[in-house]
Amino acid sequence: PWLMLAAAVASLTWSWLEVSRDPKEAFFLLPARGWELLAGALLAMVPRTKMAAGGREVVALTGLFLVIVSMFVFDRETAFPGPAAVPPVLGAVLLIHAGGATQVGRLLSWKPMVGIGLISYSLYLWHWPVVVFTREVGFELTMIWKLSLLVVSCVMGYLSWRWVETPFRAGALLGTNARALR
């Protein structure tokens, strides 16, 4: 755990320095983002202790608050990742630590929220090409366009999840020999 903690601190420090020197490198390269992954690994190593229901609620609400505030406070001028990545990562860690037996956990267990979670990786992969293509064509991204692109990205994300991710996980795209290896 101490080695992982040291690596996380080194990575966060690197991210902090790199985001001002080369923001693209800081965003895309693992040394500046590794601490985000290590935050989850470190959480997994924390011994589970009983927490009062009220304490779990506070932890979950704090985590949700940090994630939501980041969504609305960050803009194009926010140097990211660097220190700006701390609130959403800490928020996610707190949400996971609080567990699902909270009001926030019940909210996040709501079927539409779970559906978004299921397609989130495909949605993540599709949203930038959709936005960049629209910008390249020359459209100004008004609120109507942004909402339209969100819908298009969600549809593309769902289709990718349904017809690529799900069959791939089931081994259907790999053939019968690949399924036997599992």
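Definitions and limits used
Residues take numbers from 1 onward in each chain, read along the sequence in its written order. Note on the predicted model: pLDDT of at least 70 is required for a residue's local features to be given, and 80 or more for side-chain atom pairs to be given and counted; whole-chain, interface and lining totals, by contrast, use all residues. Hydrogens and water molecules were not included; the side-chain quantities draw on all heavy atoms of the structure. Secondary structure is summarised from DSSP: a helix means a run of H or I of at least four residues, a strand means a run of E of at least two, and numbering begins at the N terminus for each. The rule is simple: take the accessible area with a 1.4 Å probe, protein chains only, and divide by the maximum for that residue type; under 20% is buried, over 50% is exposed, in between is partly exposed. Any two residues whose heavy atoms approach within 4.5 Å at even a single point are treated as in contact. Reported accessibility uses the Shrake-Rupley method at a 1.4 Å probe radius. Residues are deemed covered only where the shown protein chains occlude them. The convention is simple: Lys and Arg are positive, Asp and Glu are negative, and His and the chain ends are not counted. To locate a charge, take atom NZ for lysine, CZ for arginine, CG for aspartate or CD for glutamate. Here a salt bridge means any side-chain nitrogen of Lys or Arg lying within 4 Å of a carboxyl oxygen belonging to Asp or Glu. Definition of a polar contact: a pair of N or O atoms within 3.5 Å, with one able to donate and the other able to accept a hydrogen when the atoms are protein atoms, and with sequence-neighbouring residues admitted only if both atoms are side-chain atoms. Any Phe, Tyr or Trp ring, taking Trp's six-membered ring, that has another such ring centre within 6.5 Å forms a pair; planes under 30 degrees apart are called stacked, those over 60 apart edge-to-face, and the others tilted. The criterion is that NZ of a Lys, or CZ of an Arg, lies within 6 Å of the ring centre and within 35 degrees of the ring normal, and then a charge sits over that ring. For helices, the fitted axis covers only the stretch in contact; all axes are lines through C-alpha atoms, and the angles between them, taken along N-to-C directions, range from 0 to 180 degrees. The cut-offs work like this: below 35 degrees is roughly parallel, past 145 is roughly antiparallel, 65 to 115 is roughly perpendicular, and the gaps in between are oblique. Whether a crossing is left-handed or right-handed is set by the direction in which the near helix is turned from the far one by less than a right angle, anticlockwise for left-handed and clockwise for right-handed. Asp, Glu, Lys and Arg are counted as charged, while Ala, Val, Leu, Ile, Met, Phe, Trp, Tyr, Cys and Pro are counted as nonpolar; the rest, among them Gly, fall into the polar class.

A. Structural context of the overall build of the protein. Each helix and strand in the protein was counted, giving 9 helices and 0 strands. In the protein, the order of α-helices and β-strands from amino to carboxyl end is α-α-α-α-α-α-α-α-α. For the C-alpha atoms alone, the extent of the protein along its principal axes is close to 50 × 45 × 35 Å. Residues counted as buried form 26% of the 182 residues belonging to the protein. Looking at the protein alone, contacts between residues at least 24 apart form 61% of all its contacts between residues at least 6 apart. In the form shown here, the protein has an accessible surface area of approximately 12,700 Å², with 74% of it arising from carbon and sulfur atoms. Here the protein contributes 15 positively and 10 negatively charged side chains, and the mean placements of these two sets differ by 15 Å.

B. Main features of the pattern of salt bridges. In total, this model carries 4 salt bridges according to the counting rule given. A salt bridge links Glu165 to Arg169, with the nearest nitrogen and oxygen atoms 2.7 Å apart. With Glu165 and Arg169 both in helix α8 (residues 143–170), this residue pair falls 4 residues apart, about one helical turn. In this structure Arg169 comes out as exposed when scored by relative accessible area, which is 52%. Residues joined in a network through salt bridges with shared partners are Glu18, Arg21 and Glu25.

C. Focus on unusual backbone geometry. Between Phe80 and Pro81 the backbone carries a cis peptide bond, its omega angle lying at 15°. Looking at where Pro81 falls in the secondary structure, it is placed in the loop between α4 (53–73) and α5 (86–98).

D. View of the side chain of Ser122. Along the chain, the position of Ser122 falls in helix α7 (residues 111–137). At 2.3 Å, the side chain of Ser122 forms a polar contact with the side chain of Glu165.

E. Inspection of the packing of aromatic side chains at higher detail. In total, this model carries 5 aromatic pairs according to the counting rule given. Here the aromatic rings of Tyr158 and Trp161 are separated by 5.8 Å at their centres, their planes lie at 45°, and the arrangement is tilted. Of this pair, Tyr158 and Trp161 both sit in helix α8, 3 residues apart, which is roughly one turn of the helix. Pairwise contacts between aromatic rings join Phe27, Phe28, Phe74 and Phe80 into one cluster. Over the aromatic face of Phe27 sits the side chain of Arg33, whose NZ or CZ is 4.7 Å from the ring centroid. Geometry around Trp163 places Arg162 over its ring, the cationic atom sitting 4.3 Å from the centre.

F. Looking closely at the packing of α4 against α5. Packing of α4 against α5 brings their axes to within 7 Å, and their N-to-C directions diverge by 150°. By the angle between their axes, α4 is roughly antiparallel relative to α5. Between α4 and α5 the crossing geometry is left-handed. Each of Arg56, Val59, Ala60, Thr62, Gly63, Leu64, Leu66, Val67 and Ser70 in α4 lies in contact with α5, whose residues at this interface are Pro87, Pro88, Leu90, Gly91, Ala92, Leu94, Leu95, His97 and Ala98. Of the residues that constitute the contact of α4 with α5, the class distribution is 12 nonpolar, 5 polar and 1 charged.

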